[in-house]
Amino acid sequence: AVAPFCACVRNTRSAGLLLRLLRTLLRVALASEDAVKTQRILPYLIACLANPLPVVRAEALHLIVDLLASVLFLQPADTRLLPDYVLPAVGRCASDTEPLVRCALGSRLGQLATIARRFLDTAQWVRTLSHADRAGAPPGRSAGAGGGGGGGGHPGGFGGGAAGGGGG
């Protein structure tokens, strides 16, 4: 369901149409599985950070944060998504020549930091489970040994902490 939207993002030249398309793509993404969000939709939003129009770069930044805030479960392949892929791309916005793009980054920096912390905690939890599985311990026993992150939950999932919350 996302393929036609992604193809249009790549080929749309009108700024107004592209902005509407990106917002629609986010709405479609919010109804999609987390793997689709991180592996199929996020790359198109990241690519928009290199768009020549500042309004598109700024909107892409907002949409990236909204998309990442909606991710509840990480695939094992996505545990390094933020430090290796998203943060370097978003970090380039800090030195963008356009104030609109820098302001967009500044306005979403706090939420991005919260998301990064959730991803980091989950990645650590997934690694802990992976090490325990290789050592032969039952999965339920080893998860409590770490210092935090709440009780049960889905492997790779973000527990009931401060997810998603208000927008502002």
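Residues numbered from 1 in each chain as written. Predicted model: local features only at pLDDT ≥ 70, side-chain atom pairs only at ≥ 80, totals over all residues. Heavy atoms only, no water.

1. Some words on the pattern of salt bridges
Here comes step 1: All chains considered together, the criterion is met by six salt bridges.
Here comes step 2: Residues D34 and K37 are paired through a salt bridge, measuring 3.2 Å at the closest nitrogen-oxygen approach. You can see D34 and its partner K37 sitting in helix α3 (residues 34–48), three residues apart, about one turn around the helix. Here D34 and K37 have matching classes, each one buried.
Here comes step 3: The closest approach of N and O atoms between R80 and D84, which form a salt bridge, is 2.9 Å. (Salt bridge = Lys/Arg side-chain N within 4 Å of Asp/Glu carboxyl O. Helix = DSSP H or I, 4+ residues; strand = E, 2+ residues; numbered from the N terminus. Buried < 20%, exposed > 50% of the residue type's maximum accessible area, 1.4 Å probe, protein only.)

2. A few points about the confidence of the model for the protein
Here comes step 1: Of all residues in the protein, 80% have pLDDT values of 70 or greater, and the mean over the chain is 82.
Here comes step 2: Highest mean pLDDT in the protein belongs to helix α4 (residues 54–69) (97); lowest belongs to helix α7 (residues 139–142) (48). (pLDDT = per-residue confidence, 0-100.)

3. Here we look at helix α2 (residues 15–30)
Here comes step 1: If you check α2, its first and last C-alpha atoms are 23 Å apart, about what 16 residues at 1.5 Å a residue would give, namely 22 Å.
Here comes step 2: Those residues of α2 not exposed but buried are L18, L19, L21, L22, L25, L26 and A29. Within α2, the buried residues cover an arc of 165 degrees as seen down the axis, which keeps them to one side. Across α2 from its buried face, at more than 90 degrees, point the exposed residues R20 and R27.
Here comes step 3: Buried residues in α2 make contact with α1 (3–11), α3 and α4. (Expected span 1.5 Å × (residues − 1). Arc of directions from axis to C-beta. Contact = heavy atoms within 4.5 Å.)

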